[in-house]
Amino acid sequence: MASVINLLAYLVLAAFLSFCFANAEIHHHQFVVQQTPVNRLCRTRSIITVNGQFPGPTLEVRDGDTLVINVINAARYNITLHWHGVRQMRTPWADGPEYVTQCPIQPGASYTYRFTIENQEGTLWWHAHSRWLRATVYGALIIYPKIGVPYPFVKPKHDIPILLGEWWNRDIISVMRQAIFTGAAPNVSDAYTINGEPGDLYPCSRKGVKKFIVKSGETVLLRIINAALNQELFFTVASHMLTVVGNDAAYNKPFTTRVIMIGPGQTTNVLLTANQPAGRYYMATRAYATAQNAAFDNTTATAILEYDSVSCSSKQGAPSTKPVLPPLPAFNDTNTVTAYTNQVRSLPSKIGKVPVHIDESLFFTVGLGLVNCIPGPRCQGPNNTRFAASMNNVSFVLPRRTSLLQAYYQNIPGVFTTDFPPVPPTVFDYTGNVSRALWQPSFGTKLYKLKYGSTVQIVLQDTAIVSTEDHPVHLHGYHFYVVGQGFGNFNPGRDTPNFNLIDPPVRNTINVPVGGWAVIRFVADNPGVWLMHCHIDSHLGWGFAMSFLVENGHGKLQTIEAPPPDLPRC
Ligand code: C2O
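Values in this document were obtained by computation on a predicted structure and should not be read as measured data.

Calculation criteria
- Residues numbered from 1 in each chain as written.
- Predicted model: local features only at pLDDT ≥ 70, side-chain atom pairs only at ≥ 80, totals over all residues.
- Heavy atoms only, no water.
- Helix = DSSP H or I, 4+ residues; strand = E, 2+ residues; numbered from the N terminus.
- Rg over C-alpha atoms; globule rule 2.2 N^0.38 Å.
- Buried < 20%, exposed > 50% of the residue type's maximum accessible area, 1.4 Å probe, protein only.
- Contact = heavy atoms within 4.5 Å.
- Areas by Shrake-Rupley, 256 points an atom, 1.4 Å probe, with all protein chains shown as cover.
- Lys, Arg positive; Asp, Glu negative; His and termini not counted.
- Charge placed at Lys NZ, Arg CZ, Asp CG, Glu CD.
- Phe/Tyr/Trp six-rings, centres within 6.5 Å; stacked < 30°, edge-to-face > 60°.
- Lys NZ or Arg CZ within 6 Å of the ring centre and 35° of its normal.
- Pairing = 2+ DSSP bridges.
- Axes fitted to C-alpha atoms, helices over the stretch in contact; angles between N-to-C directions.
- Disulfide = S-S within 2.5 Å.
- Salt bridge = Lys/Arg side-chain N within 4 Å of Asp/Glu carboxyl O.

Novice: Got a minute to help me understand the overall build of the protein chain in this structure?
Specialist: The secondary structure content of the protein chain amounts to seven helices and 32 strands. Computed over the C-alpha atoms, the radius of gyration of the protein chain is 24 Å, within 12% of the 25 Å expected from 2.2 N^0.38 for a compact globule of 570 residues. For the protein chain, the spread of C-alpha atoms along the three principal axes comes to 85 × 60 × 55 Å. When each of the 570 residues of the protein chain is scored for burial, the buried share is 59%. Within the protein chain, contacts between residues separated by at least 24 positions form 80% of all contacts whose residues are at least 6 apart in sequence. As presented, the protein chain carries roughly 23000 Å² of accessible surface, and 55% of it is formed by carbon and sulfur atoms. Separation between the mean location of the 43 positive side-chain charges and that of the 35 negative ones in the protein chain comes to 4 Å.

So this is what it looks like as structure tokens:
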């Protein structure tokens, strides 16, 4: 008998241990890109979705897991998907920006994205990276810590993904085509959305309004993602404090705030404790708009945070209480944004070593431009121009016959050059009164080459060309340390000594302050071709992008994997 009990105990222990040290999982998904009818703002419109869902499916994985996502394109447009913020170590073929790491998946075709999450935890997301299709094609990617690894904060009762989006009553591709044709700024959106729904303050939207139920006293984790196409957003919850604990899949030292600002591409994890009188409270989001004289969507999207005791009593017929509407900062309230941003400090124990010695010191001007044109229907930008955008005065042009990564890997000549300028071609007072002679960028497909393992610093400097503006700049394949930020022109003598090399925020998308600068650092330890661009899609389309070509190092672990056999052809 005793030996049977021993054997049982042994088996239980073995099962427990293998559970704890289970190998990472492989998650298989099928994503069918399709037309889906959706009713919003009193009309039904056919949008592009994944699996008929809007927002698309939430992916939940653990650090170390592998994702295998078979994308079938049943829609009428070319498409690619991008796993925003996933480092894609040695798997640039799975990154997704069209004509950068792959040719698009054509209607009727399919492609399987395979990649592994390596040393990342937090909230990321996925979205189309093909023209403006990401307006409706996006979803959350939640990365839990490995089994047995705790959060650096009290474990929340549950998670609530909050995807902020932007909605147009018109077909998004026709909005984009009109802008490309005319050269003018695109029509602004008709609504913002929270998890696909505009909420109570818009016509015909009451029924769909998103409700999140909480129990009195519990703490939940809001995983907020700005999936809006073209707009930085404020987000707040009536009467509740938000404790910010993470950004772009990196932990920060917790701090509390009433309101956050989040740029397109960014994610913010906040803890919320349901410590208010049981009731219904609005979550609200609206624009943070910094460009001068530029139209923007000034509406407000809402969802409802509801205490479960209230839901029960309203089911029993008691009148449901009207939700409390929170105050939001003014549209151009940069002071609130700066005060918020300055509080973000990473957890030094979680972020590795901030590079101190720099191999590549780069300085990129970023912003808009105008190209002169002959008056006519295709010349409807301000004063006979077409809008453009650039980095270091180069307006980025995507190749059309192959991707940059394939051209590099297969040595196809004539697709790109590697002479992207490390510093601006002309030095000027970037945020001052810029001479009109400097407003027109040049066009090109220029990459900047980095040696494997080199340490890189980039000063991202906003310009006053057309208008100063806060730009969310995203780097693929990496996350980076934000060692400094400020207003006006970056001044190395004055600003370098103030860099934060102790607990700088770690991000994959940085809001370059309006009329200011941000300095980022990273180690080029991921070979491949990596796009860097403004995550405002209209600016990306105007050429606000460049790419790094990071060379292989030595051996298999420092070398790009071979392209998958089903890589789409152009
Ligand atoms: Cu989230 Cu290149 O994008």
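There's plenty left to go through after this.
Novice: I tried to follow the packing of aromatic side chains on my own but got confused; where do I start?
Specialist: The geometry of two aromatic rings is summed up by the distance between their centres and the angle between their planes. For the structure on display, the rule yields 27 aromatic pairs. Judged by centre distance (5.8 Å) and plane angle (55 degrees), the ring pair of Phe-255 and Tyr-340 falls under tilted. Residue Phe-255 is found in strand β15 (residues 250-257), and its partner Tyr-340 is found in helix α4 (residues 334-341); the two are separated by 85 residues along the sequence. Overall, the relative accessible area of 9% leaves Phe-255 in the buried class. Ring-pair connections join several aromatic residues into one group, and the members of that group are Phe-364, Phe-420, Tyr-448, Tyr-478, Phe-522, Trp-530 and Phe-548. The ring centre of Trp-167 lies 4.7 Å from the NZ or CZ of Arg-45, which sits over that ring. Seen from the ring of Phe-331, Arg-286 lies directly overhead, with NZ or CZ sitting 4.2 Å from the centre.

Novice: I keep staring at the sheet that holds strand β19 (residues 301-307) and nothing clicks. Help me out?
Specialist: Where strands meet in a sheet, backbone hydrogen bonds hold them as pairs that are either parallel or antiparallel. Strand order in the open sheet formed by five strands is β11-β19-β18-β13-β16, and the pairing between neighbours is mixed. At either margin of the open sheet sits one strand with a lone partner, and together these are β11 (211-214) and β16 (259-262). Between one strand axis and the next, the sheet turns through 20 degrees on average, direction left out of account. Summarising the sheet, strand β13 (residues 233-237) and strand β18 (residues 280-287) pair through five bridges and their orientation is antiparallel.

Novice: I keep staring at the state of the cysteines and nothing clicks. Help me out?
Specialist: Here is the idea: a disulfide is a covalent bond, and it sits between the sulfur atoms of two cysteines. Evaluated as defined, the whole model comprises three disulfides. Covalently, Cys-42 is tied to Cys-204 through a disulfide, its sulfur atoms 2.0 Å apart. On the sign convention where negative is left-handed, the bridge of Cys-42 and Cys-204, at about 100 degrees about the S-S bond, is right-handed. With Cys-42 in the loop between β1 (26-40) and β2 (43-50) and Cys-204 in the loop between β10 (191-194) and β11, this pair connects stretches of sequence that are 162 residues apart. Classification of Cys-42 as partly exposed rests on a relative accessible area of 43%. A sulfur-sulfur separation of 1.9 Å characterises the disulfide bridge that pairs Cys-103 with Cys-570. Here the S-S torsion is close to -90 degrees, and the disulfide linking Cys-103 with Cys-570 is therefore left-handed. Residue Cys-103 is found in the loop between β5 (81-84) and β6 (110-116), and its partner Cys-570 is found in the segment after β32 (545-550); the two are separated by 467 residues along the sequence. You can call Cys-570 partly exposed: its relative accessible area is 43%.

Novice: I keep staring at the pattern of salt bridges and nothing clicks. Help me out?
Specialist: Any two side chains of opposite charge can pair if their charged atoms end up close together. This model, assessed by the stated rule, comprises 15 salt bridges. For the salt bridge of Lys-146 with Asp-63, the shortest nitrogen-to-oxygen distance reads 4.0 Å. With Lys-146 in the loop between β8 (138-144) and β9 (159-167) and Asp-63 in the loop between β3 (59-62) and β4 (66-73), this pair connects stretches of sequence that are 83 residues apart. For Arg-345, the salt bridge goes to Asp-503, with nearest N and O atoms at 3.4 Å. Within this pair, whereas Arg-345 is found in the loop between α4 and β20 (360-372), its partner Asp-503 is found in the loop between α6 (492-495) and β28 (506-507), the two being separated by 158 residues in sequence. A single network of salt bridges, built from pairs that share partners, joins Lys-211, Arg-280 and Glu-306.

Novice: Teacher, can you tell me more about the pairing of β32 here?
Specialist: Along any regular strand the residues' side chains alternate between the sheet's two faces. The element β32 is largely enclosed, with a buried count of six among its six residues. Alternating residues of β32 divide into Ala-545, Ser-547 and Leu-549 and Met-546, Phe-548 and Val-550, and every residue in both groups is buried. Here strand β24 (residues 447-450) runs beside β32; their pairing, made up of four bridges, is parallel. Bridge pairing links Tyr-448 to Phe-548 in β32.

The analysis is restricted to geometry; functional conclusions fall outside its scope.
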